[in-house]
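# Coordinate inspection notes
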Amino acid sequence: DKQPKVTLNFSSDARYVTVDISDIYADQVEYNLIYDAMVKGNKIQTGVNASEKLAGKSSYSKRQLLGSESSGKFSYHTNIENAIMELTLRDSQNRSVFTNTYPFTVSPGKTQDLSPSP
């Protein structure tokens, strides 16, 4: 089975993460980053997600805000803990061809390789 290579590159202030996925043998990528965080003074389970059709590409990269934005005002998630990434790859008929869950830790300015060791 071909496993995609997944890395998370955190900005130096840990407000953004660039999700890089390569070796994708599918038509569509979907993921959820789910975690506990402080949001407006309350500890809640929250997260961010994305989905994109790949149009023949075998890699995907997206800079993702760890928080929310509304009318130009940014709210950043802080004290992120218990973080996981749920990744699903789908074929052209929207069937799931790969699913995995990767635990991760938010590390400012660091890159984390989530791919399993062979």
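For the structure given in this document, a descriptive report is provided here.

Cut-offs and rules
Residues numbered from 1 in each chain as written. Predicted model: local features only at pLDDT ≥ 70, side-chain atom pairs only at ≥ 80, totals over all residues. Heavy atoms only, no water. Helix = DSSP H or I, 4+ residues; strand = E, 2+ residues; numbered from the N terminus. Rg over C-alpha atoms; globule rule 2.2 N^0.38 Å. Buried < 20%, exposed > 50% of the residue type's maximum accessible area, 1.4 Å probe, protein only. Core = buried A, V, L, I, M, F, W, Y, C linked by side-chain atoms within 4.5 Å. Contact = heavy atoms within 4.5 Å. Phe/Tyr/Trp six-rings, centres within 6.5 Å; stacked < 30°, edge-to-face > 60°. Lys NZ or Arg CZ within 6 Å of the ring centre and 35° of its normal.

## A word on the overall build of the protein
When helices and strands are counted, the protein shows zero helices and ten strands. Helices and strands appear in the protein in the N-to-C order β-β-β-β-β-β-β-β-β-β. Its C-alpha atoms give the protein a radius of gyration of 15 Å, within 12% of the compact-globule value 13 Å for 118 residues. Dimensions of the protein, computed from the C-alpha atoms along their principal axes, are close to 40 × 35 × 20 Å. Counting only residues that meet the buried cut, the protein has 37% of its 118 residues in that class.

## Topic: the nonpolar core
Membership of the largest hydrophobic core comes to 30 residues, with the highest contact counts inside it found for Ile21, Leu33, Met85 and Leu87. Broken down by secondary-structure element, the contributors of at least two residues to this core are β1 (5-10), β2 (16-22), β3 (28-39), β4 (42-53), β8 (78-90) and β9 (96-104). Aside from chain neighbours lying at most four places away, what touches Ile21 is Pro4, Lys5, Val6, Val29, Tyr31, Ser58, Ser59, Tyr60, Met85 and Leu87.

## Overview of unusual backbone geometry
For Asn79, which is not a glycine, the phi torsion comes out positive at approximately 50°. For Asn79, the location among the structural elements is in strand β8. Positive phi outside glycine occurs at Asn82, with the angle close to 50°. Here Asn82 lies in strand β8. Residue class for Asn82 comes out exposed when judged on its relative accessible area of 59%.

## Side note on the packing of aromatic side chains
The tally for this structure, following the rule as stated, stands at three aromatic pairs. A centroid spacing of 6.2 Å and a plane angle of 25° characterise the contact between Phe10 and Phe104, whose relative ring orientation is stacked. Of the two residues, Phe10 sits in strand β1 while Phe104 sits in strand β9, which places them 94 residues apart along the sequence. Judged on exposure class, the residue Phe10 and its partner Phe104 are both buried. Taken together, a centroid distance of 6.0 Å and an interplanar angle of 70° make the contact between Tyr31 and Tyr60 edge-to-face. Taken together, the positions of Tyr31 in strand β3 and Tyr60 in strand β5 (residues 60-65) put the pair 29 residues apart, joining distant regions of the chain. Its relative accessible area of 1% is what places Tyr31 among the buried residues. Here the guanidinium or amino end of Arg15 rests over the ring plane of Tyr76, the centre of that ring lying 3.9 Å away. Residue placement shows Arg63 over the ring face of Tyr16; its charged tip is 3.8 Å from the ring centre.

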